[in-house]
Amino acid sequence: MAGQVNPFESLQEQVDDAAAFLDADPGLIERLKNPERLLETNLTFERDDGSLETVRAYRSQFNGDRGPYKGGIRYHPNVTRDEVKALSGWMAYKCAVVDVPYGGGKGGIAIDPADYSEDELERLTRAFATELRPLIGVDRDIPAPDVNTGQREMNWIKDTYETLENTTAPGVITGKAIDSGGSEGRVEATGRSTALAARETFDWLDDDVADATVAVQGYGNAGSVAAALLADLGATIVAVSDSSGGIHDPEGLDPRSVKAHKAETGSVTGYGDTDPLTNDELLTLDVDLLVPAALENAINGDLAPDVSADVIVEAANGPLTPRADDVLADRDVYVVPDIFANAGGVTVSYFEWVQNRQRFHWTESRVNEELERVITGAFDDIVEAYESHDLRNLRTAAYVVAIDRIVDAADQAGSWP
Ligand code: GLU
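All of these numbers come straight from a predicted model, not from anything done at the bench.

A. Inspection of the sheet that holds strand β8 (residues 245-248) at higher detail. Across the sheet, which stays open at both edges, the seven strands sit in the order β9-β8-β7-β6-β10-β11-β12 with mixed pairing between neighbours. Each edge of the open sheet carries a strand with a single partner, namely β9 (275-277) and β12 (334-336). Along the sheet, successive strands turn relative to each other by an average axial angle of 20 degrees, direction set aside. Alignment of strand β6 (residues 213-217) against strand β10 (residues 289-292), held across four bridges, turns out to be parallel. Looking across to β10, one finds that V216 is bridged to V291.

B. Expanded view of unusual backbone geometry. The phi torsion at N148 lies on the positive side, around 65 degrees, for a residue other than glycine. Looking at the secondary structure, you find N148 in the loop between β5 (141-145) and α5 (151-165). For D206, which is not glycine, the phi torsion reads 60 degrees and is therefore positive. With respect to the helices, strands and loops of the structure, D206 is situated in the loop between α6 (189-204) and β6.

C. Local environment of the nonpolar core. Counting 86 residues, the largest nonpolar core has Y93, L230, L289 and I403 as the members making the most contacts within it. Among the elements that line this core, the one with the most residues is helix α14 (residues 394-413), at eleven residues. Formed by 24 residues, the second largest nonpolar core is a distinct cluster that contains L43, A57, L121 and F128.

D. Up close: the pattern of salt bridges. The tally for this structure, following the rule as stated, stands at 37 salt bridges. Of the charged contacts in the structure, one is a salt bridge between E122 and R126, with a shortest N-O distance of 3.0 Å. Taken as a pair, E122 and R126 lie in helix α4 (residues 118-132) at a separation of four residues, close to a single helical turn. The exposure class assigned to E122 is partly exposed, which follows from its relative accessible area of 24%.

E. Region of the structure containing the pairing of β6. Counting buried residues in β6 gives four out of five residues, a clear majority hidden from the surface. Both β6 and strand β7 (residues 236-242) contribute to a ladder of five bridges, which runs parallel. Pairing of A215 across the sheet is with A239, part of β7. Handedness of the β-α-β unit built from β6, helix α7 (residues 221-232) and β7 comes out right-handed.

F. Broad picture of the site of the ligand. Surrounding the ligand, one finds 14 residues, the nearest of these being K70, K94, P145, D146 and S349. In this structure, K94 approaches the ligand through a side-chain N or O atom, which is 2.7 Å from an oxygen atom. In this structure, an oxygen atom belonging to the ligand sits 3.0 Å away from a side-chain N or O atom of K106. The protein chains hide 95% of the 300 Å² of surface that the ligand would expose on its own. When contributions to the shell around the ligand are tallied by element, the ones reaching two or more residues are β3 (69-75), α3 (81-97), β5 and α12 (344-358). Residue composition of the shell around the ligand, grouped by class: four nonpolar, five polar and five charged.

G. Spatial organisation of the sheet that holds strand β2 (residues 52-63). Overall, mixed pairing links the five strands, which are arranged β1-β2-β4-β3-β5 in an open sheet. Each of the sheet's edge strands pairs with one partner strand only, and the pair in question is β1 (37-46) and β5. Here the strands of the sheet are splayed against their neighbours by 20 degrees on average, with no regard to which way each runs. When β3 meets strand β4 (residues 104-109), the two strands line up parallel, connected through three bridges. By the bridge assignment, I73 is partnered in β4 with G107.

H. Seen up close, the pairing of β8. For β7 and β8, the ladder comprises four bridges, and the chain directions are antiparallel. Looking at β8, one finds that S241 is bridged to G246. Of the strand pairs in this sheet, β8 and β9 are connected by three bridges, and their pairing is antiparallel. Its bridge partner lying in β9, I247 is registered against P276.

Parameters at a glance
- Residues numbered from 1 in each chain as written.
- Predicted model: local features only at pLDDT ≥ 70, side-chain atom pairs only at ≥ 80, totals over all residues.
- Heavy atoms only, no water.
- Pairing = 2+ DSSP bridges.
- Helix = DSSP H or I, 4+ residues; strand = E, 2+ residues; numbered from the N terminus.
- Axes fitted to C-alpha atoms, helices over the stretch in contact; angles between N-to-C directions.
- Core = buried A, V, L, I, M, F, W, Y, C linked by side-chain atoms within 4.5 Å.
- Buried < 20%, exposed > 50% of the residue type's maximum accessible area, 1.4 Å probe, protein only.
- Salt bridge = Lys/Arg side-chain N within 4 Å of Asp/Glu carboxyl O.
- Right-handed = clockwise from strand over helix to strand, strands pointing away.
- Near = heavy atom within 4 Å.
- Polar contact = N/O pair within 3.5 Å; in protein donor to acceptor, adjacent residues only side chain to side chain.
- Areas by Shrake-Rupley, 256 points an atom, 1.4 Å probe, with all protein chains shown as cover.
- Nonpolar A, V, L, I, M, F, W, Y, C, P; charged D, E, K, R; others polar.

Encoded structure:
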């Protein structure tokens with residue numbers, strides 16, 4: 001079963017694969033495979049019926065060599081200690097590969113938010129923010145949205161922190177609503193970088209994403225925006241899915257209309273005149289571009305031989321296991337890794353933080369132009385590493401770029417006598 005692959009072991013294997021091409025001290029590499037600090041805590045909050053409930057929550061601060069810890073907070077039943085550790089590591093490498101001045105962090109609460117009312121989620125989120133307060137800060141650790149969290153939760157965390165600290169500090173968290181100090185373009189940023197990554201990759205392969213057929217697994221914030229922006233580039237979105245199943249239309253779907261259907265009914269399934277398909281059928285569909293935009297381990301070593309796409313662009317974090325990577329590299333399928341492809345989210349979080357520090361609001365076109373500059377520049381760096389080291393895939397190339405930058409920062413910091 002795909003779900004049995006431990007994402008933290010996957011992260012460590014990815015780091016080892018790349019470190020083999022770098023002349024870094026093995027002791028330092030060992031440090032870069034483990035979080036610096038991990039909070040594991042219980043949150044007790046009041047249900048609407050007056051009863052108390054206790055749930056498990058985590059915050060992992062993976063690496064701070066390049067700047068404050070940075071990364072989202074997810075609410076999902078699959079949240080575990082090792083998942084959060086892995087996700088925090090992917091954040092450290094993600095920030096380094098796009099060269100934003102952050103380390104990596106990640107947090108999560110092991111719940112299904114659909115089981116709770118809005119009032120209950122607010123009490124729970126404020127309990128978590130209170131627990132996080134000593135660890136976070138504008139220059140220390142800056143959370144953000146992730147799976148099943150968004151502007152609402154970020155606004156609550158900001159308010160709790162500012163109230164307890166008796167200050168205003170919008171830069172303590174990113175992904176806020178615009179009127180609470182959020183940035184234009186932040187909601188779309190993950191999907192936007194995914195679409196830009198696809199465009200750059202097809203160009204590099206002397207192809208045009210406008211001619212591509214596309215399947216998107218996961219129709220949350222990342223998947224739905226990526227689908228819409230890829231369609232804007234001219235691509236044909238032939239299939240999309242969410243946790244309830246998928247839909248297929250070889251003539252092409254209208255991604256924004258599918259999103260409206262999901263907002264109304266809770267799922268993409270049942271949309272228009274489409275054929276139903278399972279998530280595994282979607283992942284093995286014969287398309288030019290596959291975009292996994294859901295959770296970890298969507299494609300494992302058993303499923304990878306059946307994948308028919310020519311290019312995979314990872315909008316989710318960790319959707320391919322290392323065994324899947326091996327199979328796909330052998331089959332010459334180009335995998336554009338998560339730590340680059342979905343880095344638009346944290347890049348625009350960085351722009352939001354810069355705006356918060358400056359107390360100055362950028363226009364959406366400025367945000368999108370700066371994002372495009374960062375993503376195209378990072379792609380060039382990855383391709384340079386891929387070609388100069390003759391690497392087996394773009395993931396290892398992205399890690400080579402990222403580890404090199406973190407190792408440089410750590411070396412330059414020196415050590416205490
Ligand atoms: N949760 C997003 C990610 O996995 C964004 C993190 C951030 O903006 O700090 O990249």
